[in-house]
Amino acid sequence: MSSQKGYIRKVIEIVKKRNPGELEFHQAVGEVLESLECVIVRHPEFADAALLERLVEPERQIVFRVPWQDDKGKVQVNRGFRVQFNSSIGPYKGGIRFHPSVYIGIIKFLGFEQILKNSLTGLMLGGGKGGADFDPKGKSDSEIMRFCQSFMNELYRHIGADTDVPAGDIGVGGREVGYMFGQWKKITKLFNGILTGKGFDFGGSLARPEATGYGTVYFCEEMLKSNNSSFAGKTVVISGSGNVAIYAHEKATQLGAKVVAMSDSQGYIYDSHGVNFETIKRLKEVERKRISEYVKEQTSAKYVEGSTEIWNIECDIALPCATQNELDENAAKTLVKNRCIAVAEGANMPSTPGAVNVFLKNKIFFGPGKAANAGGVATSGLEMAQDSQREQWTFDEVDNKLHTIMVNIHKSAKEAAEEYGTPGNLVNGANIAGFMKVARAMMAQGVV
Ligand code: NDP
Ligand code: 2IT
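Keep in mind the model is a prediction, meaning the values are calculated, not measured.

A. The arrangement of the overall build of the protein in detail. Summing up its helical and strand segments, the protein has 18 helices and 12 strands in all. Along the longest, intermediate and shortest principal axes, the C-alpha atoms of the protein span 60 × 55 × 45 Å. Taken across its 448 residues, the protein has 57% of its residues classed as buried. Surface exposure of the protein reaches about 18,000 Å², of which carbon and sulfur atoms provide 50%.

What follows is the structure, given as structure tokens:
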């Protein structure tokens, strides 16, 4: 066992040395590799083939200038990224994030997670991620359009329906995907499935906007079911109020739960009557306002400045759906103290390693992001299938497939956790189940 530990430690050291300062990337790699020790014991051939060293090194990293003009005519310059991480089981696939905090370490953590997440979906999807340190807040629609066009002016050279298919993530939704698709078509003359999350009128899939949030709740429902529980009558806290959070709210409510709190980066709202779905959806999706506006319309609610305190609210189920490292060890201890029974991550890596340990130690049903939020990319895979066939499926058809995929992901993670001696630990289970398919494909394809 100790030589396997040594191998894992060596690879983690290589990652730290070769990627200095990329803390989120180190964190994501560390968490995955720790789970893989028992796999390397059974498969020493992976170490002989330097499989982990290859897995942690992106196949390609593209960094580019994104110049654009603001409404005052001033030229602004941002930095764009696309990391094409692993194509062993399909074309690179993963979202694009526009947020001022974006730098290569964030794009690499997300791209690395995406490899295993996409593998878990059971579809032919490799791992990639992109983005820019652009802040969409306060920008006009024309500024957003010009930025998206400039971003695509470089990105188009690197992507393709069978090469690399981006989608949305934080700060990138239907509007941005539409502008990027328009520019792609203008440059290349091609009308094809180059991006997912498109509008339904031009090749998008029904249920893609809902998919990540719905999928997170479907995954959580499976965790609850296998412990003879359900969403019915439960109190739920959801962080964030963006794409993932909104549709997690909708599905949890449909399943009989009450969502009492949601947040944005400035603060959170608490509504003991249940956060009104129509109000929050209109405020955030259509009017793009701050969550503080909610209390002006729903007087039963209160607004609290600062978003991290949201985890102090008593709940049965917590769904972190905002951003990385938003739920720390203390927050996890508070949730446990308040008798929370399940946590499913709609966001990517929202729980710090300390928080994850608290959940696992206290036997909370914990669904890690790469499993629980895989419904978004899975439905992107379904959008790619529809685009290739020049077909569009009904909402129910897509939603049923999404549900089946989430049930299967839960099953694979649960079974892998059992097979490798850590029953109930879906962190290990998801990492191992996602890794095995990629590892087999990499072994079969030789040293490339
Ligand atoms: P959105 O941009 O639609 O919403 C993001 C939400 O999170 C907003 O409420 C935002 O608040 C909040 N937020 C963002 N950054 C921070 C921060 N630094 N601190 C506190 N709150 C923050 O993004 P999505 O809903 O699409 O993405 C949410 C998470 O889900 C991300 O981790 C993303 O990677 C993950 N994810 C998304 C998928 C998708 O299909 N969209 C698929 C799988 C995972 P504010 O408006 O104030 O910034
Ligand atoms: O993190 C994610 O899985 C996403 N942002 C969705 C990626 C996609 O290609 O749909």
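B. Seen up close, the nonpolar core. Within the largest apolar cluster, 49 residues are counted, with the highest numbers of intra-cluster contacts made by Cys220, Phe231, Ile238, Met262 and Leu319. The leading source of residues in this core is helix H9 (residues 208-225), at eight residues. Discounting residues that sit within four places of it in the chain, Met262 has contacts with Ile238, Gly240, Ser241, Ala245, Ile246, His249, Tyr268, Ile269, Val275, Ile280, Ile291 and Ile310. In this structure, Phe25, Ile40, Ile107 and Ala441 belong to the second largest nonpolar core, which totals 41 residues.

C. Representation of the packing of aromatic side chains in the model. All told, the structure shown has 17 aromatic pairs when counted by the stated rule. Here the aromatic rings of Tyr214 and Tyr218 are separated by 6.3 Å at their centres, their planes lie at 70°, and the arrangement is edge-to-face. With Tyr214 and Tyr218 both in helix H9, this residue pair falls four residues apart, about one helical turn. Judged by relative accessible area, which is 5%, Tyr214 ranks as buried. Counting every residue linked through ring pairs, the aromatic cluster contains Phe64, Trp68, Phe98, Phe134, Phe147 and Phe151. It is Arg42 that lies over the ring of Tyr420; its NZ or CZ is 4.0 Å from the centre. Here Lys401 stacks its cationic end above the ring of Trp393, 4.8 Å away from the centre of that ring.

D. Highlighting the pattern of salt bridges. The tally for this structure, following the rule as stated, stands at 27 salt bridges. Between Asp71 and Arg146 there is a salt bridge whose closest N-O contact spans 2.7 Å. Here the residue Asp71 occupies a position in the loop between strand E1 (60-69) and strand E2 (75-86), and Arg146 occupies one in helix H7 (residues 141-155), the gap between them amounting to 75 residues. Among the salt bridges present, the one from Lys296 reaches Glu293, with a minimum N-O distance of 3.2 Å. Since its relative accessible area comes to 61%, Lys296 is described here as exposed. One salt-bridge network, held together by shared partners, links Arg282, Glu287, Lys289 and Glu297.

E. Region of the structure containing the sheet that holds strand E5 (residues 164-168). The five strands are arranged E1-E2-E4-E3-E5 in an open sheet whose pairing can be described as mixed. Each edge of the open sheet is held by one strand with a lone partner, namely E1 and E5. Geometrically, the sheet is characterised by an average inter-axis angle of 20° between neighbouring strands, direction not taken into account. Bridging between strand E3 (residues 92-98) and strand E4 (residues 127-132) involves three bridges; their strand directions are parallel. Among the inter-strand pairings, Arg97 is bridged to a residue of E4, identified as Gly131. The sheet strands contacting helix H6 (residues 104-120) are E1, E2, E3 and E4, and the helix crosses E4 at an angle near 150°.

F. Looking closely at the site of ligand 1. Ligand 1 sits among 25 residues. The nearest are Asp169, Thr212, Ser265, Arg290 and Asn348. Between an oxygen atom of ligand 1 and a side-chain N or O atom of Lys137, the distance comes to 2.9 Å. A distance of 2.9 Å separates an oxygen atom of ligand 1 from a polar backbone atom of Asn243. Protein chains shield 85% of the accessible area of ligand 1, which is 890 Å² for the free molecule. Put simply, the parts of the chain that give the shell around ligand 1 at least two residues each are H9 and helix H10 (243-254). Considering only residue class, the shell around ligand 1 consists of five nonpolar, 13 polar and seven charged.

G. Representation of the site of ligand 2 within the structure. Taken together, the neighbourhood of ligand 2 is formed by 14 residues, with Lys93, Gln114, Lys117, Asp169 and Ser380 sitting nearest. Between ligand 2 and Gln114 there is a distance of 2.9 Å, counted from an oxygen atom to a side-chain nitrogen or oxygen. Taking Lys117, its side chain carries an N or O atom lying 2.8 Å from an oxygen atom of ligand 2. Listed by contribution, the elements that provide at least two residues to the shell around ligand 2 are E3, H6, E5 and helix H16 (375-389). Considered class by class, the residues forming the shell around ligand 2 number two nonpolar, seven polar and five charged.

H. Just the packing of H9 against helix H17 (residues 395-419), in detail. Relative to each other, H9 and H17 sit at 45°, their axes nearing to 9 Å. On the basis of the axis angle, H9 is oblique to H17. The crossing of H9 and H17 is right-handed. Of H17, the residues touching H9 (which contributes Glu210, Ala211, Tyr214, Gly215, Tyr218, Phe219, Glu221, Glu222 and Met223) are Phe395, Asp399, Leu402, His403, Met406, Val407, Ile409 and His410. In the contact of H9 with H17, the residues fall into 10 nonpolar, three polar and four charged.

I. Representation of the pairing of E4. With respect to burial, E4 is a largely interior element, six of its six residues being buried. Neither face of E4 is exposed, since Gly127, Lys129 and Gly131 on one face and Gly128, Gly130 and Ala132 on the opposite face are all buried. Tracing the backbone out of E3, into H6 and back to the parallel element E4 gives a crossover that is right-handed.

J. Representation of helix H8 (residues 174-188). For H8, built from 15 residues, the straight-helix expectation of 21 Å at 1.5 Å per residue is met to within 8% by its first-to-last C-alpha distance of 21 Å. Along H8, the residues classified as buried are Glu176, Val177, Gly178, Met180, Phe181, Gln183, Trp184 and Thr188. Among the structural elements, E3, H7 and E5 are those in contact with the buried residues of H8.

The rules behind these values
- Residues numbered from 1 in each chain as written.
- Chains lettered and ligands numbered in written order.
- Predicted model: local features only at pLDDT ≥ 70, side-chain atom pairs only at ≥ 80, totals over all residues.
- Heavy atoms only, no water.
- Helix = DSSP H or I, 4+ residues; strand = E, 2+ residues; numbered from the N terminus.
- Buried < 20%, exposed > 50% of the residue type's maximum accessible area, 1.4 Å probe, protein only.
- Areas by Shrake-Rupley, 256 points an atom, 1.4 Å probe, with all protein chains shown as cover.
- Core = buried A, V, L, I, M, F, W, Y, C linked by side-chain atoms within 4.5 Å.
- Contact = heavy atoms within 4.5 Å.
- Phe/Tyr/Trp six-rings, centres within 6.5 Å; stacked < 30°, edge-to-face > 60°.
- Lys NZ or Arg CZ within 6 Å of the ring centre and 35° of its normal.
- Salt bridge = Lys/Arg side-chain N within 4 Å of Asp/Glu carboxyl O.
- Pairing = 2+ DSSP bridges.
- Axes fitted to C-alpha atoms, helices over the stretch in contact; angles between N-to-C directions.
- Near = heavy atom within 4 Å.
- Polar contact = N/O pair within 3.5 Å; in protein donor to acceptor, adjacent residues only side chain to side chain.
- Nonpolar A, V, L, I, M, F, W, Y, C, P; charged D, E, K, R; others polar.
- Parallel < 35°, antiparallel > 145°, perpendicular 65-115°, else oblique.
- Left-handed = near helix turned anticlockwise from the far one by under 90°.
- Right-handed = clockwise from strand over helix to strand, strands pointing away.
- Expected span 1.5 Å × (residues − 1).

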